[in-house]
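Residues per chain, in single letters:
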Amino acid sequence: MGMFATISTAADNRAARLAGIGLMLLGISMFSCGDAIGKFLVGTYSVGQLMLLRACAALALLAPSIWRHRADFLQLDRPGLQLIRVVLSTLEVAAFFWAAAYLPLADVITYYLACPIFVTAGSAIFLRESVGWRRWSAIFVGFCGVLIALQPSAQTVTWPALIALGGSLSFAALMLITRSLRSAPDVVLATTQFIGTFTFGAVFTAFAWVTPDLRDLGLFFLAGVVSVCALLCVNRSLKLAPASTVVPYQYSMIIWAVIFGYLVFGELPSWATLIGAAVIIAAGLYIFLREQQLGKIADEVPPAV
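Residues numbered from 1 in each chain as written. Predicted model: local features only at pLDDT ≥ 70, side-chain atom pairs only at ≥ 80, totals over all residues. Heavy atoms only, no water.

Novice: What is the right way to look at the overall build of the chain in this model?
Specialist: Helix and strand content of the chain: 14 helices and 0 strands. In the chain, the succession of helices and strands from N to C terminus is α-α-α-α-α-α-α-α-α-α-α-α-α-α. Looking at the chain as a whole, 53% of its 305 residues qualify as buried. In the chain, the share of contacts with a sequence separation of at least 24, taken over all contacts with a separation of at least 6, comes to 88%. Surface accessibility of the chain: about 13800 Å² in total, with carbon and sulfur atoms responsible for 70%. (Helix = DSSP H or I, 4+ residues; strand = E, 2+ residues; numbered from the N terminus. Buried < 20%, exposed > 50% of the residue type's maximum accessible area, 1.4 Å probe, protein only. Contact = heavy atoms within 4.5 Å. Areas by Shrake-Rupley, 256 points an atom, 1.4 Å probe, with all protein chains shown as cover.)

Novice: How should the pattern of salt bridges be read in this particular structure?
Specialist: Inspection of the entire model under this criterion finds 2 salt bridges. Where Lys 39 meets Glu 267, a salt bridge forms, and the shortest distance between an N and an O atom there is 3.3 Å. Of this pair, Lys 39 sits in helix α2 (residues 13–41) while Glu 267 sits in the loop between α13 (253–265) and α14 (271–294); the two residues are 228 residues apart in sequence, bridging distant segments of the chain. Taken as a pair, Lys 39 and Glu 267 share a single burial class, namely buried. For Asp 216, the salt bridge is made with Arg 215, and the minimal N-O distance between the two is 2.9 Å. Classification of Asp 216 by relative accessible area gives buried; the value is 5%. (Salt bridge = Lys/Arg side-chain N within 4 Å of Asp/Glu carboxyl O.)

Novice: Help me understand the confidence of the model for the chain, please; the structure alone is not making it clear to me.
Specialist: Caution applies to low-pLDDT regions: their predicted coordinates should not be interpreted in detail. Per-residue pLDDT for the chain averages 82, and the proportion of residues at 70 or more is 88%. Ranking the elements of the chain by mean pLDDT puts helix α1 (residues 2–5) last with 49 and helix α3 (residues 47–68) first with 93. Long-range and interchain partners of residues 3–11, a stretch whose pLDDT sits below 50, account for 13 contacts in this model, where long-range means more than four residues apart. (pLDDT = per-residue confidence, 0-100.)

Novice: Would you mind showing me how to read helix α11 (residues 214–240) here?
Specialist: One turn of the α-helix equals 3.6 residues, which is why residues spaced by three or four share an orientation. For α11, spanning 27 residues, the distance from its first C-alpha to its last is 39 Å, which sits close to the expected 39 Å at 1.5 Å a residue. A side-chain oxygen of the first residue of α11 lies 3.3 Å from the backbone nitrogen of Arg 215; this N-cap is Asp 213. (Expected span 1.5 Å × (residues − 1). Polar contact = N/O pair within 3.5 Å; in protein donor to acceptor, adjacent residues only side chain to side chain.)

Novice: Could you clarify how one ought to interpret the environment of Leu 217 in this entry?
Specialist: By the secondary structure assignment, Leu 217 is in helix α11. What makes Leu 217 partly exposed here is its relative accessible area of 41%. Leu 217 sits 176 residues away from Leu 41 along the chain, and the two C-alpha atoms are 9.9 Å apart.

Novice: Just checking my understanding: could you explain the nonpolar core for this structure?
Specialist: One recurring pattern in soluble globular proteins is that nonpolar side chains are buried together. Core analysis: the biggest nonpolar cluster contains 82 residues, and Phe 96, Phe 97, Val 108, Ile 109, Tyr 111, Leu 113 and Ile 254 have the highest contact counts within it. No other element matches the 11 residues that α11 contributes to this core. With residues near it in sequence (within four places) discarded, Val 108 still touches Phe 96, Ala 99, Ala 100, Leu 103 and Ala 164. (Core = buried A, V, L, I, M, F, W, Y, C linked by side-chain atoms within 4.5 Å.)

Novice: Please explain the environment of Leu 105 as it appears in this structure.
Specialist: Following the sequence through the fold, Leu 105 ends up in helix α6 (residues 105–113). Residue Leu 105 is classed as buried on the basis of its relative accessible area of 2%. A C-alpha to C-alpha distance of 5.7 Å links Leu 105 and Ala 257, two positions 152 residues apart in sequence. The contact partners of Leu 105, leaving out residues within four places of it in the chain, are Asp 35, Ala 36, Lys 39, Phe 96, Ala 257, Phe 260 and Glu 267.

Novice: It is not clear to me how α13 should be interpreted in this structure. Could you clarify?
Specialist: When we look at burial in α13, the residues that qualify are Met 253, Ile 254, Ala 257, Phe 260 and Gly 261. Taken down its axis, α13 places every buried residue within 125 degrees of arc, on the same side. Exposed positions of α13 whose direction lies more than 90 degrees from the buried face are Ile 255 and Leu 263. Downstream of α13 by one or two residues, Gly 266 has phi in the positive range, about 65 degrees. (Arc of directions from axis to C-beta.)

Novice: Could you clarify how one ought to interpret a nonpolar patch on the surface in this entry?
Specialist: A cluster of nonpolar side chains, namely Phe 40, Ile 255, Trp 256, Ile 259, Tyr 262, Leu 263, Val 264 and Leu 268, defines an oily patch on the protein surface of about 810 Å² accessible area. Counting residues per element, the nonpolar patch draws most heavily on α13, at 6 residues. Structurally, the position occupied by Ile 255 is in helix α13. (Patch = residues over 30% accessible without salt bridge, like charges linked within 9 Å, V, L, I, M, F, W, Y side chains within 5 Å.)

In C-alpha cells:
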C-alpha cells in the first residue's frame, strides 16, 4: 500500500483530479477483470470456495499493512455497525457471483449500476437527507431503467436476476453505512470485508469442496490480488479527487462487462439490457451532477470487494 500512499494530493488540483480519474478507471478495469475470473471459476467451483480462496490471497497480500496498522483493529469505531457492514459486504459479493454463474456478466453489472440510485433513495428514507423533486424524478427514471433491463414477467424474472438485484440493494445499504464510518482507515475497511468473505466461504465450502488444479489455483490467487489492487486504486482515487468527479467513471464497468462477456464467455447483451443500462447511467449521472451542484456529494463511496 505504500506505493499508493505516495500518490497524494498534488499541489496542482487539476493534476490531482486527472490522477484520481486515471486511478478510478484502472481500478474499475481491474474489478471487472476479477469479476470475469470469478464468473469463469464458479462454472466449476462453488461460490463459497471462490470467496474462500479469493479472500485467502487478498488477506495474504494485505498482511504487511494489517500488521503495521494492527492497533487500529483494536480500536474499532462502532463495532456493531462495522459488523453489519461486513455482513452486507459478504452478502453482496456472494449475490454477485451466484447471479454471475447463471446470467451474462453485463446483465449482473446492469443491476449493480442502479446502486447509486438506491443510495440516493435510501439516504432520503433512512438518513433523513433532503432530496428534492428533481432527484426523486431521476430515481424514478433509474428504477424504470432497472425494469427495462429486468423485463418483469413470469418468464423473464428469474431467481438469479432477483439475487443480482438483491445484491445491488445490499451494496447500496453498505454504502449508506460506510458514509458514517469514513474515519476508519482503508486497511481496516478492506480487511474486515475480506474476513467476512473468508468466513462465509469457510462455512459453505465445507459442503462443496472441489480440489483445484494448479491453473485454477493460480486463477483463485489472481482474483484475490486483482481485487485488492483495484480496491486500493479506487480508494486512492477518492482521496485525490471529489467523489462527484471520479465516481461517474465507475459506470465504465458496463463497457468492460460487455467486452469480457463476449471475449471470454461468448455472451452478447440483449438490447433491453443495453437500453436499461443507458437509462440507469443517465439517471445516476444526473443525481451526481445535482448533488455536486448542491454540495452534498459524499466524500467517499466504497467499492465492491
